[in-house]
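Chain by chain, the residues:
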Amino acid sequence: MSRMDRFFFMFECVLIIFVTASTCRSIRSISGGKEGEDFTAEVVHGVAGSNVSLKCVGEGTSVSWKKGKHNITSDDVHRFIETLPAGGLVSPQSEPETEENVEITTAPIVEIASTVSILHIRNISLVDAGRYHCIHHSEEDFASAEESIQLIVNSAPVLLSVESSGGAVGASIGISCTFQSHPPPEVLWFKGNSSLQSNERFTITSSNEGNLFLSKLVVDTALLTDNGTYMCLAKNSVGDGVKHGTPHLLVHAVPKISWTIARSLGPEDIQLEWQVIDNEEDIKDIEIWISDDGSEQSAEQWKSLASTARSVVLGDGVVDAVKGGGQTISVWLRVNTLTDLKVVSEPRNVTMLLKVPEYIPKASFRGSTLNSLTVNWMSPSSEEAQYVAFYFLTLTDMRSGATQQVKQPLGTKEHSFTNLNAGTQYNFTITACMGVYEVAARDCGPSSPAISGSTLFDPPASVEEVLVTCSHSDYGGWSVDVSWKPAKGATESGSVDHYKLEFTSMANYVDEEGQRRYEDDRREENVSVNFTSYKFIGASANTNYTVKVYAGIKHMYSKGMTAQCRMPVWLPRQYSLKWWKTSPSLLEDGQDSSKQNEKPKAALLKLPVPSISQRNGTICCYRVAVVKLADGVDISALLPPENLPLLTHELAHESLLTAAYVAEAYTRQVISYFYSDDCTARTRFLFILFSSLIPTLLEIVILLLREGLHAGNKTAQLFRLKENVVRVKFLVFVRQVFLESSGQEKLVNRLEKLGVGRRNS
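Quick caveat: nothing in here was measured; it's all calculated off a predicted structure. (Residues numbered from 1 in each chain as written. Predicted model: local features only at pLDDT ≥ 70, side-chain atom pairs only at ≥ 80, totals over all residues. Heavy atoms only, no water.)

(A) Fine view of a nonpolar patch on the surface. A contiguous nonpolar patch, built from Val158, Leu160 and Leu212 and spanning about 230 Å² of accessible area, is present on the exposed surface. Take Val158: it is sitting in strand S10 (residues 143–163). We classify Val158 as partly exposed; its relative accessible area is 39%. (Patch = residues over 30% accessible without salt bridge, like charges linked within 9 Å, V, L, I, M, F, W, Y side chains within 5 Å. Areas by Shrake-Rupley, 256 points an atom, 1.4 Å probe, with all protein chains shown as cover. Salt bridge = Lys/Arg side-chain N within 4 Å of Asp/Glu carboxyl O. Helix = DSSP H or I, 4+ residues; strand = E, 2+ residues; numbered from the N terminus. Buried < 20%, exposed > 50% of the residue type's maximum accessible area, 1.4 Å probe, protein only.)

(B) Here's a closer look at the state of the cysteines. Within the structure shown, the criterion is met by 4 disulfides. Each sulfur of the disulfide joining Cys56 and Cys134 lies 2.1 Å from the other. Every disulfide takes its handedness from the sign of the S-S torsion; for Cys56 and Cys134 that torsion is -90°, giving left-handed. You can see Cys56 sitting in strand S3 (residues 52–58) and its partner Cys134 sitting in strand S9 (residues 130–137), a full 78 residues away along the chain. For the pair shown, Cys56 and Cys134 are each scored as buried. Across the disulfide from Cys177 sits Cys232; the S-S distance is 1.9 Å. One disulfide, between Cys177 and Cys232, carries an S-S torsion of -95° and so falls in the left-handed class. Residue Cys177 is found in strand S12 (residues 173–182), and its partner Cys232 is found in strand S17 (residues 228–235); the two are separated by 55 residues along the sequence. Neither residue differs from the other here; Cys177 and Cys232 are each classed as buried. (Disulfide = S-S within 2.5 Å.)

(C) The arrangement of the environment of Val254 in detail. With respect to the secondary-structure elements, Val254 resides in the loop between strand S18 (248–252) and strand S19 (256–264). Contacts of Val254, omitting those with residues within four sequence positions, involve Ala168, Val169, Ile277, Asp278, Leu341 and Val343. (Contact = heavy atoms within 4.5 Å.)

(D) Representation of the sheet that holds strand S34 (residues 464–473) within the structure. Strand order across the open sheet formed by 3 strands is S34-S35-S38, with antiparallel pairing between neighbours. Two strands close off the open sheet at either side, each with one partner strand: S34 and strand S38 (533–537). The average undirected angle you get between the axes of adjacent strands in this sheet is 15°. Across 5 bridges, the pairing between strand S35 (residues 477–485) and S38 is antiparallel. (Pairing = 2+ DSSP bridges. Axes fitted to C-alpha atoms, helices over the stretch in contact; angles between N-to-C directions.)

(E) Broad picture of the pattern of salt bridges. Scanning all chains against the criterion turns up 10 salt bridges. Salt-bridge contacts for Arg442 lead to Asp269; the nearest nitrogen and oxygen are separated by 2.5 Å. Here the residue Arg442 occupies a position in helix H3 (residues 440–443), and Asp269 occupies one in the loop between S19 and strand S20 (270–277), the gap between them amounting to 173 residues. By relative accessible area, Arg442 is classed as partly exposed at 46%. Between Arg334 and Glu287 there is a salt bridge, with its nearest N and O atoms 2.8 Å apart. On the criterion of sequence distance, the pair formed by Arg334 in strand S24 (residues 328–337) and Glu287 in strand S21 (residues 283–291) is long-range, its members being 47 residues apart. Judged by relative accessible area, which is 8%, Glu287 ranks as buried.

(F) Geometry of the sheet that holds S19. Judged by pairing direction, the sheet is antiparallel, and its 3 strands sit side by side in the order S19-S20-S23 without closing on themselves. The open sheet has two edge strands, S19 and strand S23 (311–314), and neither has a second partner. When the angles between neighbouring strand axes are averaged without regard to direction, this sheet yields 20°. Where S19 meets S20, 8 bridges bridge the pair, whose relative direction is antiparallel. What sits directly across from Trp259, in S20, is Trp274.

If you want it as structure tokens, here you go:
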């Protein structure tokens, strides 16, 4: 700053103080002093925010400034020192006194040889208040004179700090505000819009140190309603504080101890659990106190726990009198806070058990899949459940020894183990645990008896080469024989443990009443894995059989392999037949007795034909057999019909013995069976039909031979064969029937035209 600038600054300051010294070596007071008197400190008042210049004139080559014991240097931006050269000095014209400018001048300055120093202080505040010292130095750098000026700064209150606080209900809690002010301030307290005054619940105190003033509000016997933000306002003669303080008061409830568990775990152990409710205090520790006579005065501290502890097990030796079970002791908790608050719980009385409680669950397997097993177990009774917190489940692979272990909470009754190996046996055990002790062997009871279960196997491979045969024997009757081959390696690998056979029979026939019947029967058989064949006994003729063979393991089966067979038709089921006996009349009515030696007339026999079931196959024809009884033979001596030998009509009557011949053969279903797909039925029909014609054919052959031996020429032979033309035509007719038959009525009509079926004997 140039000398001219500094000169103008002198006139801009609010307060200018000029100090001169007399020519004598002692410094004289400029204002209020008399010439020749000793120096006294000048007191100057200033208002915060204004500028001040302090001037010192004295003998010496240099001047220095101090505030208290601290030197003031010229490079201070807030304060700077201006030193004028030695010589005469004329005082500047004084400016009129205003509100912010105070001018203190002396008598006209005498022009002498002196040193002038001016200390400029900008924007003064309370921190600038104090005693300043101006020191003149000689050429030898000795202090030759010193002058003091007391600067007093007047300021409205300035908030420096606030202090919030908190505590439990019922405690005394204080909050405060600190201000810097001169003169001393008046501090007012508010909560919301309500002004607070000292009374039985609130106490307001003030203290100061220099320009620092502390105002404190104390709340006696604090309540939860005292929580909130408070406000402190300060003011003095200079003005109101620019900023007010807002300290906070936090009142919290006293911690409460709530018991959750206090019980005996056996003859020697006690389990305790608790909660600390409405706790906003910092807990120092928690103490356990016990008494064996129920008296709080005789209670002893057992242990001190961490502030976060909420459970404990009192182990062996807690109270000697308790051992053996059956005794009752009392337990207290005491919570100590960092504010020296001590909260004691209500006592809990615990009666010691005579033995350690235990529960052994009863388990079972519920189901299985290829890679999972589901187990369940019985729940404990309400009394047992008090000592069960969770279950410990163990599943062991009996092949590899690997285990799976799972914890399930009380209330769970079922669990599924997954990611298991297919077709593997597992053992399962379950243990009930109290959830109290860290060591499982002490916390859990005995395990349940091990139960075994297996996962399902993969579906086995299908069998091969299934063969089904329908057969009949005189001894075994009708049967269906099934054989197969297992898949390669299936038996050796254990992937098959049995075979299942599905046996289906279907039949279609006409019953005794002429109604069409359909039979459909199904049955199953399980066969040991050691067998590859099976015989179904009790089959029926004229039936289609279908057999499916499955390879199985447990409840899993392969794809079924199918084969079929058809049981052939068979003779109709036997019915009880009756014999009808008749004797033809020797003479017809009106015949001459002289003709008694003639051959008698043939008798006309009429007999009922029973309706027979065609379950064993369609009946293609009926044969009527006539038996000629020998003289003296009774009908009771006849053999069963099926055992009688059949002869020709002529041979039967020429024989003197009992003989039988086929007198008639007929049907109403020849055509339908001829065109059926049942080759066996058709063959049987042809056999029966031609067997009934054998006697006629034999007669023709015999006549041809007999006539051919006695005839001498071809014409005679043809003449004698004339009577047999009808029989030859019959054979031609039979051939035509099988080639062009169009219905059974056509066959019957043509047979009747040829005389077949009305045979005379």
